[in-house]
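Close look at the chain arrangement
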There are 2 protein chains.
Amino acid sequence: MTALEVGYDIPATPGMTEAEVQTPSLILDLDALEANIASMQSQADAAGVRLRVHGKMHKSAEIAQMQIAAGACGICCQKVSEAEAFARAGLRDILITNQVRGAVKTDRLARLPLLGARILTCVDDPANVAELSAAAQRHGTEIEVLVEIDCGAGRCGVAPDQAPGLAQAIVAAPGLRFAGLQAYQGSAQHQADPVARRGLIETAIAATRRAVDLLAADGQPCAIIGGAGTGSYRFEAASGVYNELQCGSYAFMDADYRRVLGEGAFRHSLFVLTTVMSHVKPDHAVVDAGLKVMSLDSGLPQVAGRSDVTYVAASDEHGELADPTSALRVGTQLRLIPGHCDPTCNLHEWYVGIRNGVVERLIPVTARGKSF
Amino acid sequence: MTALEVGYDIPATPGMTEAEVQTPSLILDLDALEANIASMQSQADAAGVRLRVHGKMHKSAEIAQMQIAAGACGICCQKVSEAEAFARAGLRDILITNQVRGAVKTDRLARLPLLGARILTCVDDPANVAELSAAAQRHGTEIEVLVEIDCGAGRCGVAPDQAPGLAQAIVAAPGLRFAGLQAYQGSAQHQADPVARRGLIETAIAATRRAVDLLAADGQPCAIIGGAGTGSYRFEAASGVYNELQCGSYAFMDADYRRVLGEGAFRHSLFVLTTVMSHVKPDHAVVDAGLKVMSLDSGLPQVAGRSDVTYVAASDEHGELADPTSALRVGTQLRLIPGHCDPTCNLHEWYVGIRNGVVERLIPVTARGKSF
């Protein structure tokens, strides 16, 4: 491998000031990141539940290791290729909170324990149990399997009443171990009305409790009863039902979760650093960060620390800002808080870790683009 | 480099059937791609204008070379790091249809002619002329410079009346050559009402003609008068003013341009191949393609060739489909037509080139993620 070039392969090198970082790029406020990691871990500890951090959000082995060093029991991810990237990077307890289907993917999954990792996945279909069992037997490995229940989001997962039957199939399948329940209510996470959010999670908790009770009555105790995200984790942590939280976004925060959680809950540690590159009209600035460096699925980014300018429109490579007081100049750098952190991180190769205005280290987005 | 692994680094290998391609991934119908390339080139030829294809869309050196082999005079892109990727891959006539600002980026730009490439860029600010000239002199190279005018989109660019002054600054700057006008009306491209779209482009053509005339009166002929996109190129081609078209999306097409242009205009050659991975409820299927493999800025994808199922919601790694007749099964593959091709391509490392149902070759997304 040849040397990495600033402005082509990498946005910065350690020791640079933030003003020298090439844009557009992702920067991480390391103090804020460390504070967020500590805060969530202490909340999980206080509630007496494990924290299995979601690696789908940051896709970074290094950040996952920071979270594990702080007390997380392991990580989650969504894809086999992500799990491979994490396992190759040394992570040793990996749950795919998703269905893994098809011959190639199940075969790859079944090989992962050979790297020394504990591997868990979710099922909502007896046919999936059969293909996972065949793959595990082929490689002489063990895959731990959670039954995913639909606890209100209506996406994947079986009804609670179907959980015991599926658990029995897992228990009977060579190479598989029944590990418990996956019960994530994704559609509640970004519900801005706290009463409605709480209501959705109370429904999810009730559905999960019912599945746990049915499994217990059937002689199938759940080692893991997992779910929860940054928008709802307080409820699951306090439920007395869940024993593992799967939060991800709390580490970085984004504009949408700020709207949901309000001020005070975690700090923004992730920013898209951008630079003004055209300013012909006095009240209108154009920056170098558009659609290709941040996802707009949850709205436009917010400009951190400034109330005088507003990001008003994005195109592929440009952002347009209202600058009513002509406060900006060509070359002015701005920190943008992206609307949605997960798909924004997936667009980049590197996080630039900043402390006290100086680049401390570059952190690779280990599993960027791993979508298989 | 170790061997690339199917399902981790690459989605397929040549000779596989489409059914064997790992998903989610980008597939290219090579017959459709070749037909689109030929069609646009013949239209440009018939109008007597050059076609400088936009590489920001596909970010692929191999596809750019196909377009040049068909008659394109060169390529466009938007970022210095993209231009570097294309120049390193052998492209020899590259216009950055954007402002390049700041010491690092202008220095990198000025080094590109050393690779043997003709390099052009755009300015809308005299200060940019000075920094480009300093960089070109530092490296002993020549950068060709277009004056960008705002012909109606209101993003970057000076007013037509300011073009002669900026051209004079370019002419006077050592290391730079004045090459003409950049006059792209981006906000007209996706205007679905053809009358409104035509009106926007007529305004743009009038502004461009005025700038050309002012420059001519000032003794500054324009070698290049460039602009146009897939939504508007017929108007610029017939204008008698423009002599270079900068179309990109025509090669792949997407759901939004289909809405704008209607049936018959180019073929869909780009698809996100996806697989059903959960189907618990009879009328609801979940596929493995969500936000991280396609951009939703221009709406949800359409399911190619099927009117019985509809992609109704996307989350990070999932797509939800209404399947009212239970037509889908776990394992069913679908071709999705993304809403917007450019930011979708940027999410992937590879195009899987398909002909007659078989993988013919993998085509790298050469400049994927090159955003500096």
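Residues numbered from 1 in each chain as written. Chains lettered and ligands numbered in written order. Predicted model: local features only at pLDDT ≥ 70, side-chain atom pairs only at ≥ 80, totals over all residues. Heavy atoms only, no water.

On to the overall build of chain A. Along its length, chain A carries 11 helices and 17 strands. Over its C-alpha trace chain A gives a radius of gyration of 22 Å, about what one expects of a compact globule, namely 21 Å for 372 residues. Judged by the C-alpha coordinates and their principal axes, chain A covers about 70 × 50 × 35 Å. Classification of the 372 residues of chain A by burial places 62% in the buried group. Contacts spanning at least 24 positions in sequence make up 68% of the contacts within chain A whose residues lie at least 6 apart. Accessible surface for chain A amounts to roughly 12,200 Å². Of this, 53% is attributable to carbon and sulfur atoms. For chain A, the centre of its 32 positive side-chain charges and the centre of its 41 negative side-chain charges are spaced 3 Å apart. (Helix = DSSP H or I, 4+ residues; strand = E, 2+ residues; numbered from the N terminus. Rg over C-alpha atoms; globule rule 2.2 N^0.38 Å. Buried < 20%, exposed > 50% of the residue type's maximum accessible area, 1.4 Å probe, protein only. Contact = heavy atoms within 4.5 Å. Areas by Shrake-Rupley, 256 points an atom, 1.4 Å probe, with all protein chains shown as cover. Lys, Arg positive; Asp, Glu negative; His and termini not counted. Charge placed at Lys NZ, Arg CZ, Asp CG, Glu CD.)

A separate point is the interface of chain B and chain A. Contact residues are listed per partner, giving 60 residues for chain B and 60 residues for chain A. Counting each side, the surface lost to burial between chain B and chain A is near 5,300 Å², with a carbon and sulfur contribution of 49%. Considering only the surface of chain B that becomes buried against chain A, Tyr8(B), Arg155(B) and Phe372(B) emerge as the three largest contributors, covering 16% of it. At the surface where chain B touches chain A, the tally comes to 14 salt bridges. Between Asp9(A) and Lys370(B) there is a salt bridge, with the nearest N and O atoms lying 3.9 Å from each other. Sorting the residues of the side of chain B that touches chain A by element identifies helix H4 (80-88), strand E4 (93-99), helix H5 (103-111), strand E10 (270-278), strand E11 (284-287) and helix H11 (341-345) of chain B as the ones contributing at least two each. With four residues, the top contributor of residues to the side of chain B that touches chain A is H4(B). (Buried area = accessible area lost by both parts, 1.4 Å probe. Salt bridge = Lys/Arg side-chain N within 4 Å of Asp/Glu carboxyl O.)

Each of the two copies of the chain can be brought onto the other by a rotation about an axis and a shift along it. The transformation that overlays chain B on chain A combines an axial shift of 0.0 Å with a rotation of 180°, and the residual RMSD is 0.0 Å. The transformation just described matches what one would write down for a two-fold rotation axis. (Least-squares fit on C-alpha atoms with pLDDT ≥ 70 in both.)

Residue and element names in this part refer to chain A. Scanning the entire structure with this criterion turns up 65 salt bridges over all chains. Linking Glu18 and Arg335 is a salt bridge whose minimum nitrogen-to-oxygen distance equals 2.8 Å. Of the two residues, Glu18 is situated in the segment before strand E1 (25-29) and Arg335 in strand E15 (residues 333-337); the sequence distance between them amounts to 317 residues. With relative accessibility at 15%, the residue Glu18 sits in the buried group. Owing to a relative accessible area of 22%, Arg335 belongs among the partly exposed residues under this scheme. Here the salt bridges share partners, and the residues they tie into one network are Asp31, Glu34, Glu62, Arg355, Glu360 and Arg361.

Turning our eyes to something else, we now look at the packing of aromatic side chains. All told, the structure shown has six aromatic pairs over all chains when counted by the stated rule. Here Phe252(A) and Tyr351(A) contribute two aromatic rings whose centre-to-centre distance is 5.3 Å and whose plane-to-plane angle is 70°, an arrangement assigned as edge-to-face. Here the residue Phe252(A) occupies a position in the loop between strand E9 (244-245) and helix H10 (255-261), and Tyr351(A) occupies one in strand E16 (residues 350-355), the gap between them amounting to 99 residues. Here the two residues Phe252(A) and Tyr351(A) agree in accessibility, since each one is buried. For the ring pair Tyr233(B) and Phe266(B), a centre distance of 6.1 Å and an interplane angle of 50° mean the geometry is tilted. Of this pair, Tyr233(B) sits in helix H9 (residues 233-237) while Phe266(B) sits in the loop between helix H10 (255-261) and E10, and the two are 33 residues apart along the sequence. For the pair Tyr233(B) and Phe266(B), one class covers both residues: buried. Through a chain of ring-to-ring contacts, three or more aromatic side chains come together here, namely Tyr233(A), Tyr250(A) and Phe266(A). A cation over a ring is seen here: Arg335(A) above Phe271(A), with NZ or CZ 4.6 Å from the ring centre. One cation-aromatic arrangement involves Lys370(B) over Tyr8(A); the distance from NZ or CZ to the ring centre is 3.8 Å. (Phe/Tyr/Trp six-rings, centres within 6.5 Å; stacked < 30°, edge-to-face > 60°. Lys NZ or Arg CZ within 6 Å of the ring centre and 35° of its normal.)

Below, the discussion takes up the packing of H5(B) against helix H6 (residues 126-139) of chain B. Residues and elements named next belong to chain B. Relative to each other, H5 and H6 sit at 45°, their axes nearing to 8 Å. As judged from the angle between their axes, H5 and H6 are oblique. For the pair H5 and H6, the crossing hand works out as right-handed. Taking contact as the criterion, the partners of Thr106, Asp107, Leu109, Ala110 and Arg111 in H5 are, on H6, Glu131, Leu132, Ala135, Ala136, Arg138 and His139. (Axes fitted to C-alpha atoms, helices over the stretch in contact; angles between N-to-C directions. Parallel < 35°, antiparallel > 145°, perpendicular 65-115°, else oblique. Left-handed = near helix turned anticlockwise from the far one by under 90°.)

A separate point is helix H8 (residues 194-217) of chain B. In an α-helix, one full turn covers 3.6 residues, which means residues spaced three or four apart are oriented alike. Residues and elements named next belong to chain B. Between the first and last C-alpha of H8 there are 34 Å, a value that for 24 residues agrees with the 34 Å anticipated at 1.5 Å per step. Of all the residues in H8, the buried ones are Arg197, Ile201, Ala204, Ile205, Ala207, Thr208, Ala211, Val212 and Leu215. The opening residue of H8 is Asp193, an N-cap whose side-chain oxygen sits 3.0 Å from the backbone nitrogen of Val195. Of the residues one or two after H8, Gly219 is the one with positive phi, at around 80°. (Expected span 1.5 Å × (residues − 1). Polar contact = N/O pair within 3.5 Å; in protein donor to acceptor, adjacent residues only side chain to side chain.)

With that settled, the discussion passes to the sheet that holds E4(B). Residues and elements named next belong to chain B. Strand order in the closed barrel made by the eight strands is E2-E3-E4-E5-E6-E7-E8-E9, with parallel pairing throughout. Relative to strand E6 (residues 143-148), strand E5 (residues 118-123) runs parallel, the two being bridged by four bridges. Looking across to E6, one finds that Thr121 is bridged to Val145. Across the sheet, H8 is in contact with strand E7 (176-182) and strand E8 (224-227); its angle to E7 comes to roughly 145°. (Pairing = 2+ DSSP bridges.)

Once that is clear, we can look at the nonpolar core. Within the largest apolar cluster, 97 residues are counted, with the highest numbers of intra-cluster contacts made by Val147(B), Phe252(B) and Tyr351(B). Among the elements that take part in this core, H8(B) stands out by supplying seven residues, more than any other. Residues from two domains meet in this core; each of domain 1 (18-28 + 264-364) and domain 2 (49-253) of chain B gives at least three. Setting aside chain neighbours within four positions, we find Val147(B) in contact with Val123(B), Val158(B), Ala163(B), Leu166(B), Ala167(B), Ile170(B), Phe178(B), Gly180(B), Leu181(B) and Gln182(B). The next biggest cluster of nonpolar side chains, apart from the first, holds 96 residues, and it includes Ile37(A), Ala64(A), Leu91(A) and Ala136(A). (Core = buried A, V, L, I, M, F, W, Y, C linked by side-chain atoms within 4.5 Å. Domains from an automatic or database assignment.)

The next point concerns the UniProt feature "domain: D-serine dehydratase-like" (unreviewed entry) in chain A. As annotated in UniProt, the feature "domain: D-serine dehydratase-like" (unreviewed entry) corresponds to residues 269-355 of chain A in the numbering used here. Taken end to end, residues 269-355 of chain A is 6% helix and 40% strand, and its first and last C-alpha atoms sit 11 Å apart. (UniProt positions renumbered as here; feature names shortened; annotations may be inferred.)

Okay, the domain arrangement of chain A next. Residues and elements named next belong to chain A. Taken domain by domain, chain A holds domain 1 (18-28 + 264-364) and domain 2 (49-252). Each of domain 1 and domain 2 has a C-alpha centre, and these two points are 34 Å apart. Both sides together, the interface formed by domain 1 and domain 2 hides about 1,200 Å², and carbon and sulfur atoms give 55% of it. There are two salt bridges connecting domain 1 and domain 2. Between the two partners, domain 1 and domain 2, sit five residue pairs in polar contact (both at pLDDT 80 or more). Residue assignment for the side of domain 1 that touches domain 2 shows that the elements contributing at least two residues are helix H11 (341-345) and strand E17 (358-364).

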